[in-house]
Amino acid sequence: MAINLLDYDAERLGQLMVQLGEKPFRAKQLMKWIHQRGVADFDAMSDIAKSFRQKLAVDACIAPPAMMAEQIAKDGTRKWLLDVGTGNGVEAVFIPEDDRGTLCVSSQVGCALDCTFCSTARQGFNRNLSTAEIIGQLWWANRRLSFDAARVGTATNDDTRIVSNVVMMGMGEPLANYDNVVAAMRLMLDDNAYGLSRRRVTLSTSGMVPQMDKLREDCPVALAVSLHAPNDSIRDQIVPINKKYPLKQLMDACNRYLEKAPRDFITFEYVMLDGINDKPEHAHQLAALARSTSCKFNLIPFNPFPNAGYQRSSREAIHRFRDILLQAGYIVTVRKTRGDDIDAACGQLAGQVLDKTRRTEKMLETRPIIFKSGGDA
């Protein structure tokens with residue numbers, strides 16, 4: 001089977017060059033052709049010796065996931081369903097803004113963490129994505145967007161529609177696929193590849209504490225934590241990993257991460273669920289929980305999906321919640337819902353998952369879970 005060069009970060013690609021009898025500097029040449037120029041044809045790599053190009057054509061390939069479907073929302077958000085083989089597809093979302101272009105990247109086929117308000121979790125879990133399948137989303141998006149910009153004559157050297165920021169917030173828990181995600185992020189940061197700063201790559205985790213500590217040492221990028229609850233009672237029910245790593249452990253890990261983080265704050269993501277976690281007492285509890293952590297809050301209006309079992313908090317409840325946190329001295333934003341008309345908003349990504357966990361089937365066999373009111377205490 002041909003070697004997929006998208007699977008290789010700089011270190012591994014250098015080792016591969018030596019194994020192939022080439023000088024290590026060939027790795028930098030290849031990375032620039034592959035990642036900066038989006039070239040997949042070895043014959044087009046003009047500054048590489050023809051004999052080596054012929055050898056690569058036999059032994060290697062540049063194979064990102066292929067597009068299965070594309071949707072474009074009214075606000076310009078684009079969602080791609082990408083083929084990762086054996087009947088599975090993952091979704092990547094591009095969000096254009098005036099000053100940036102952000103790509104939301106998936107790390108797994110489905111997700112095994114089972115957060116109750118997330119559409120991806122409802123799909124169950126199949127497998128981790130390879131490094132090539134993760135970085136391939138960025139490779140593919142850059143190439144697609146550049147082509148489209150050139151086609152309509154809007155391409156410029158600083159075209160903001162080309163990806164300038166990456167958020168590991170798509171399908172899956174990134175830290176549950178640690179090695180492949182870190183290898184992909186190293187390519188995102190490499191000056192010979194995508195050259196993004198650590199501040200422009202954000203990883204979102206539900207709170208895998210040991211892996212957070214490891215990431216701090218291996219590849220500290222901007223960190224977002226899917227908090228979603230102000231106390232263990234509520235979080236145990238809606239973010240089940242909290243039972244393994246409760247809030248005290250999670251907050252301590254956040255403070256340790258800040259020692260090497262590229263930003264001087266952690267972003268706490270907080271989905272607003274009507275009657276569940278959006279009451280004034282919850283806002284006061286949240287303010288107290290985070291008082292020893294440099295952070296900002298990103299309040300996310302819940303984005304509905306079929307049979308979700310939750311409702312979005314009212315605008316009034318969200319603003320009341322926000323104001324309490326502001327009065328407590330925190331920086332607070334309310335995330336603007338983007339791409340919800342094509343199910344591309346936060347929490348809506350579902351892809352195409354051949355579930356190995358039988359989660360959907362089991363859900364149909366059981367009665368709906370009734371949320372325990374004791375979570376307010």
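Residues numbered from 1 in each chain as written. Predicted model: local features only at pLDDT ≥ 70, side-chain atom pairs only at ≥ 80, totals over all residues. Heavy atoms only, no water.

**Points about the side chain of Thr293**
So, point 1. Relative to the elements of secondary structure, Thr293 occurs in the loop between helix 10 (280–289) and strand 13 (295–301).
So, point 2. Only 3.2 Å separates the side chain of Thr293 from the side chain of Asn255, close enough to count as a polar contact.
So, point 3. With near-sequence residues (within four places) excluded, Thr293 lies in contact with Met251, Cys254, Asn255, Leu258 and Phe268. (Helix = DSSP H or I, 4+ residues; strand = E, 2+ residues; numbered from the N terminus. Polar contact = N/O pair within 3.5 Å; in protein donor to acceptor, adjacent residues only side chain to side chain. Contact = heavy atoms within 4.5 Å.)

**What to know about the packing of aromatic side chains**
So, point 1. Scanning the model with the defined rule gives 6 aromatic pairs in all.
So, point 2. Here the aromatic rings of Phe268 and Phe297 are separated by 5.8 Å at their centres, their planes lie at 35°, and the arrangement is tilted. Of the two residues, Phe268 is situated in strand 12 (residues 266–272) and Phe297 in strand 13; the sequence distance between them amounts to 29 residues. Across the pair, Phe297 and Phe268 agree in class, each one buried.
So, point 3. Between Phe302 and Tyr310 the ring centres are 6.1 Å apart and the planes differ by 70°, which places this aromatic pair in the edge-to-face class.
So, point 4. The exposure class assigned to Tyr310 is buried, which follows from its relative accessible area of 15%.
So, point 5. Ring-pair connections join several aromatic residues into one group, and the members of that group are Phe268, Phe297 and Tyr330.
So, point 6. The lysine or arginine in question, Arg37, covers the ring of Trp33, its NZ or CZ lying 3.9 Å from the ring centre. (Phe/Tyr/Trp six-rings, centres within 6.5 Å; stacked < 30°, edge-to-face > 60°. Buried < 20%, exposed > 50% of the residue type's maximum accessible area, 1.4 Å probe, protein only. Lys NZ or Arg CZ within 6 Å of the ring centre and 35° of its normal.)

**Examining the pattern of salt bridges**
So, point 1. If you walk through the whole model with that rule in mind, you get 16 salt bridges.
So, point 2. Between Arg144 and Glu70 there is a salt bridge; the shortest N-O distance is 2.7 Å. Within this pair, whereas Arg144 is found in helix 5 (residues 131–152), its partner Glu70 is found in strand 3 (residues 66–72), the two being separated by 74 residues in sequence.
So, point 3. Given a relative accessible area of 25%, Arg144 falls into the partly exposed group.
So, point 4. Residue classification places Glu70 among the partly exposed residues on the basis of a relative accessible area of 26%.
So, point 5. Between Arg216 and Glu217 there is a salt bridge, with its nearest N and O atoms 3.0 Å apart.
So, point 6. Under the relative-accessibility criterion, Arg216 is labelled buried at 14%.
So, point 7. Assessed through its relative accessible area of 43%, Glu217 is described here as partly exposed. (Salt bridge = Lys/Arg side-chain N within 4 Å of Asp/Glu carboxyl O.)

The analysis is restricted to geometry; functional conclusions fall outside its scope.
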